[in-house]
Amino acid sequence: MGVRENLMRLRGSVPDGVVLVAVSKFHPLESLREAYDAGQRVFGESRANELCTKAVAMPDDVQWHFIGHLQTNKVRQILPHVSLIHSIDSERLLRLVNAEAARLGRKVSVLLQLHVAQEETKFGFTPDELLAIMSQSLIDELSNVEIAGVMGMASNVDDEERIRNDFRLIRSAFDSLRSTVFYNRPEFRIVSMGMSHDWNIAVAEGADMIRVGTTIFGEREY
Ligand SMILES: *Cc1c(COP(=O)(O)O)cnc(C)c1O
């Protein structure tokens, strides 16, 4: 199966209104071009160097999303290229992105990464941490970031109920934030969750942005 066919089939099953981020990390430019030619414009990358190399090689109307762990020393490098950073996992990083965006005289959209899965990455805020950190004054202070929502991953398990429960935790943290500190901020609107193997559960639990790699591009060769 080619990238175009994979993408067409996937688009046929993703509901309208759910933004599909094509996760192209580790895949060659020719695969990205195939997706682009099939109409895909939103691409996700998880490494700064790779995102920048691909961004200069691909057409200007691609929207690049950074989805991996963002090291503080890479912020300056990616900012000119990204339209959305999914992976803000500390207050320090949030402040740094704001400062760098101010330096460039732009505003950058970001998502706050939630950690609800029990294993693997330790990156991200727990729902309680996030609710404790976010305040009107912090949001007002960081005027060069647009906090557009949250991102999260479910546990990497086969147990569907467990996955579903993780997505519910992410969604409910989003709802809590939206009805409190973000109640008057319509830009806080995105729940990014769901990957190749679990995006349909994520959508059922309220995702409006999904990040899909393998189903579109095939297995990655690391
Ligand atoms: C790699 C990656 C994805 C895509 O994973 P697939 O299983 O290939 O769909 C989604 N989100 C994040 C944060 C990733 O790092």
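Criteria and thresholds
Residues numbered from 1 in each chain as written. Predicted model: local features only at pLDDT ≥ 70, side-chain atom pairs only at ≥ 80, totals over all residues. Heavy atoms only, no water. Helix = DSSP H or I, 4+ residues; strand = E, 2+ residues; numbered from the N terminus. Buried < 20%, exposed > 50% of the residue type's maximum accessible area, 1.4 Å probe, protein only. Areas by Shrake-Rupley, 256 points an atom, 1.4 Å probe, with all protein chains shown as cover. Near = heavy atom within 4 Å. Polar contact = N/O pair within 3.5 Å; in protein donor to acceptor, adjacent residues only side chain to side chain. Nonpolar A, V, L, I, M, F, W, Y, C, P; charged D, E, K, R; others polar. Contact = heavy atoms within 4.5 Å. Core = buried A, V, L, I, M, F, W, Y, C linked by side-chain atoms within 4.5 Å. UniProt positions renumbered as here; feature names shortened; annotations may be inferred. Pairing = 2+ DSSP bridges. Phe/Tyr/Trp six-rings, centres within 6.5 Å; stacked < 30°, edge-to-face > 60°. Salt bridge = Lys/Arg side-chain N within 4 Å of Asp/Glu carboxyl O. Right-handed = clockwise from strand over helix to strand, strands pointing away.

**Student:** Just checking my understanding: could you explain the overall build of the protein chain for this structure?
**Tutor:** If you tally the helices and strands in the protein chain, you get 10 helices and 8 strands. Taking the principal axes of the C-alpha coordinates as reference, the protein chain spans close to 50 × 45 × 30 Å. In the protein chain, which comprises 222 residues, the share counted as buried stands at 51%. For the protein chain, the exposed area adds up to about 10300 Å²; of that, 48% sits on carbon and sulfur atoms.

**Student:** Teacher, can you tell me more about the site of the ligand here?
**Tutor:** In the vicinity of the ligand, the contacting residues are Val23, Lys25, Ile67, Met153, Met195, Ser196, Arg211, Val212, Gly213, Thr214 and Arg220. With respect to the ligand, the side chain of Arg220 contributes an N or O atom lying 2.8 Å from an oxygen atom. In the complex, 90% of the free accessible area of the ligand, which totals 390 Å², lies under the protein chains. Its residues assigned to classes, the shell around the ligand comprises 5 nonpolar, 3 polar and 3 charged.

**Student:** Can you walk me through the side chain of Arg171 in this structure?
**Tutor:** Relative to the helices and strands, Arg171 is located in helix α8 (residues 160-179). Relative accessible area serves as the criterion here: at 19%, Arg171 is assigned to the buried category. Ignoring sequence-local partners within four residues, the contact set of Arg171 consists of Arg178, Val191, Met193, Glu205, Gly206 and Asp208.

**Student:** Explain the nonpolar core here, please?
**Tutor:** Most often, soluble globular proteins keep nonpolar side chains buried together rather than apart. Within the largest apolar cluster, 66 residues are counted, with the highest numbers of intra-cluster contacts made by Phe43, Ile85, Val97, Met134 and Ile147. For this core, the element with the highest residue contribution is α8, accounting for 6 residues. Filtering out sequence-adjacent residues up to four positions away, Ile85 remains in contact with Phe66, Leu70, Ile78, Leu79, Val97, Val108, Ser109, Val110 and Leu111. Val42, Leu84, Ala148 and Met151 belong to the second largest nonpolar core, which has 8 residues in total.

**Student:** Please clarify how the UniProt feature "modified residue: N6-(pyridoxal phosphate)lysine" (unreviewed entry) in the protein chain should be interpreted in this entry.
**Tutor:** The feature "modified residue: N6-(pyridoxal phosphate)lysine" (unreviewed entry), as annotated in UniProt, sits at Lys25 in this numbering. You can see Lys25 is positioned in the loop between β1 (19-23) and α2 (29-37). Accessibility expressed as a relative area gives 17% for Lys25, which makes it buried.

**Student:** Where do I start with the side chain of Ser155 in this structure?
**Tutor:** Mapped onto the elements of the fold, Ser155 is located in the loop between β6 (145-152) and α8. Only 2.9 Å separates the side chain of Ser155 from the side chain of Arg162, close enough to count as a polar contact.

**Student:** I tried to follow unusual backbone geometry on my own but got confused; where do I start?
**Tutor:** The phi torsion of most residues other than glycine is negative, and most of the peptide bonds are trans. For Phe26, which is not glycine, the phi torsion reads 70 degrees and is therefore positive. Among the structural elements, Phe26 can be located in the loop between β1 and α2.

**Student:** How do you make sense of the pairing of strand β8 (residues 209-212) when you look at a structure like this?
**Tutor:** Residues in a regular strand project their side chains so that they alternate between the two faces of the sheet. Taking every second residue as pointing to the same face, both faces of β8 are buried, with Met209 and Arg211 on one and Ile210 and Val212 on the other. Two strands pair when backbone bridges link them, and β1 and β8 are joined in this way by 4 bridges, in the parallel orientation. Across the sheet, Ala22 pairs through a bridge with Val212, a residue of β8.

**Student:** What am I meant to see in the packing of aromatic side chains here?
**Tutor:** Aromatic ring pairs are reported here in terms of the distance separating the ring centres and the angle at which the planes meet. Using the criterion set out here, one finds 3 aromatic pairs in the structure. One aromatic cluster is present, formed by Phe174, Phe182 and Phe188 through successive ring pairs.

**Student:** What's the story with the pattern of salt bridges in this structure? I'm lost.
**Tutor:** Between side chains of opposite charge, a pair can form when the charged atoms approach closely. Taken as a whole and assessed by the stated rule, the structure comprises 17 salt bridges. One salt bridge in this structure joins Glu160 and Arg164, with 3.4 Å as the shortest N-O distance. Placement of both Glu160 and Arg164 in helix α8 is noted, with a separation of 4 residues, approximately one turn of the helix. Judged by its relative accessible area of 43%, Glu160 falls in the partly exposed class.

**Student:** What is the right way to look at the environment of Asp128 in this model?
**Tutor:** The topology assignment puts Asp128 in helix α6 (residues 127-133). Residues Asp128 and Ala173, 45 residues apart in the sequence, show an inter-C-alpha distance of 8.3 Å.

**Student:** I tried to follow the pairing of strand β5 (residues 108-114) on my own but got confused; where do I start?
**Tutor:** Burial analysis of β5 places 7 of its 7 residues in the buried class, which makes it a mostly covered element. Here β5 shows no split at all, with Val108, Val110, Leu112 and Leu114 on one side and Ser109, Leu111 and Gln113 on the other all buried. Across 3 bridges, the pairing between strand β4 (residues 82-88) and β5 is parallel. Its bridge partner being in β5, Ile85 is matched across the sheet by Val110. Running through helix α5 (residues 91-104), the crossover from β4 to the neighbouring parallel element β5 is right-handed. With 7 bridges connecting them, β5 and β6 associate as parallel partners. Counted as the bridge partner of Gln113 is Met151 from β6.

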